[in-house]
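Close look at the chain arrangement
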Amino acid sequence: MEILKLYNVSKSYGNNQVLKNISFNVNHKELLGIMGASSSGKTTLLNCISTIDLPTCGEIVFENSNLVELSGKEMAMFRRKNLGFIFQDYNLLDILTIKENIALALTINRTPINIIDTKVQEVASNFRIEDILNKYPYQVSGGQKQRCACARAIITNPKLIFADEPTGALDSNSSKNLMETMEHMVNDLFATILMVTHDIFVASYATRILFLKDGRIHYELIRGNKSHKEFYNEISEVISSIGGA
């Protein structure tokens, strides 16, 4: 089932056209990867879909709403109700405990405290961070911080989660753990994730990958029943052919 559709989306900054007639769909319960060389348009595409920026032309349809036509107030409400974010640098608040960071969106929405406690315990269990809930971000590892960020992203049951280079600040072992966590989010928690990455190993966990080159979709790979290793090798071949990720 499709949750998001892009139709001929383009984005220009002055005379520089960064995105050129981009069209694709995002399916429910999918981990869709976006890859491409530096300046290929990956982050600009993510910003347009998440309504942080607006395309110069084209349509971005989320369920039955064309996001391009929303007012500023409507966009803010849309992000609040439907989107979650996982950032490369975690974006946790050091003055809040892990529990308070995870619960932040619920607190802002004035969710009753008993419901907040139940939801936090549930997601903490899912991400194996129950034992650090009362610690502060500076007291835990990078991998634990990123699992906290995942818990925070999913606690409001968003329909679409954006992950921009989510393993960029992690070592290889923590990266593997995070990608297994994101697989769990998709397969068991019914999340839909749109992820930008330059890391082939990370991309091998995606269900589908779109490769951008010079602002256009150059190629698409579908994982299907391939193993991580098989998909990794296939991704490597495409990256070599287009000149880097």
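What counts, and where the lines are drawn
Residues numbered from 1 in each chain as written. Predicted model: local features only at pLDDT ≥ 70, side-chain atom pairs only at ≥ 80, totals over all residues. Heavy atoms only, no water. UniProt positions renumbered as here; feature names shortened; annotations may be inferred. Helix = DSSP H or I, 4+ residues; strand = E, 2+ residues; numbered from the N terminus. Phe/Tyr/Trp six-rings, centres within 6.5 Å; stacked < 30°, edge-to-face > 60°. Buried < 20%, exposed > 50% of the residue type's maximum accessible area, 1.4 Å probe, protein only. Salt bridge = Lys/Arg side-chain N within 4 Å of Asp/Glu carboxyl O. Axes fitted to C-alpha atoms, helices over the stretch in contact; angles between N-to-C directions. Parallel < 35°, antiparallel > 145°, perpendicular 65-115°, else oblique. Left-handed = near helix turned anticlockwise from the far one by under 90°. Contact = heavy atoms within 4.5 Å. Nonpolar A, V, L, I, M, F, W, Y, C, P; charged D, E, K, R; others polar. Disulfide = S-S within 2.5 Å.

- If you check an unreviewed UniProt entry, the protein chain appears there as Putative ABC transport system ATP-binding protein from Paramaledivibacter caminithermalis.

**Describing the UniProt feature "domain: ABC transporter" (unreviewed entry) in the protein chain**
- Here, the residues flagged by UniProt with the feature "domain: ABC transporter" (unreviewed entry) are residues 4-239.
- In this annotation, residues 4-239 is assigned 37% helix and 27% strand; the end-to-end C-alpha distance for the span is 26 Å.

**Side note on unusual backbone geometry**
- Residues other than glycine seldom take positive phi values, yet Asn-8 does so here, at roughly 50°.
- Assignment of secondary structure puts Asn-8 in strand β1 (residues 2-13).

**Describing the packing of aromatic side chains**
- According to the stated counting rule, one finds five aromatic pairs in the structure shown.
- Centroid distance Phe-62 to Phe-78: 5.0 Å. Interplanar angle 80°. Geometry classified as edge-to-face. Here Phe-62 is found in strand β4 (residues 57-62), whereas its partner Phe-78 is found in helix α2 (residues 72-82), with 16 residues between them in sequence.
- We classify Phe-78 as buried; its relative accessible area is 8%.
- On the numbers, 5.4 Å between centres and 75° between planes, the contact of Phe-201 with Tyr-205 is edge-to-face.
- An aromatic cluster of three or more residues is present, and its members are Phe-85, Phe-87 and Phe-162.

**Here we look at the pattern of salt bridges**
- A full pass over the atoms with the stated rule returns nine salt bridges.
- A salt bridge links Glu-2 to Lys-5, with the nearest nitrogen and oxygen atoms 3.1 Å apart.
- Judged by relative accessible area, which is 28%, Lys-5 ranks as partly exposed.
- For the salt bridge of Lys-11 with Asp-53, the shortest nitrogen-to-oxygen distance reads 3.3 Å.

**Considerations on the packing of helix α6 (residues 142-154) against helix α7 (residues 172-187)**
- Remark: α6 packs on α7, axes separated minimally by 10 Å, with the N-to-C direction vectors making an angle of 15°. Classified by the angle between their axes, α6 and α7 sit roughly parallel to one another. Crossing of α6 over α7 shows right-handed handedness. Residue-level contacts link Gly-143, Gln-146, Arg-147, Cys-150 and Ile-154 of α6 to Ser-174, Leu-178, Thr-181 and Met-185 of α7.
- In terms of residue class, the contact of α6 with α7 is built from four nonpolar, four polar and one charged.

**With respect to the state of the cysteines**
- Counted by the stated rule, this structure contains zero disulfides.
- Left without a disulfide partner, Cys-48 is nearest to the cysteine sulfur of Cys-57, which lies 10 Å away.

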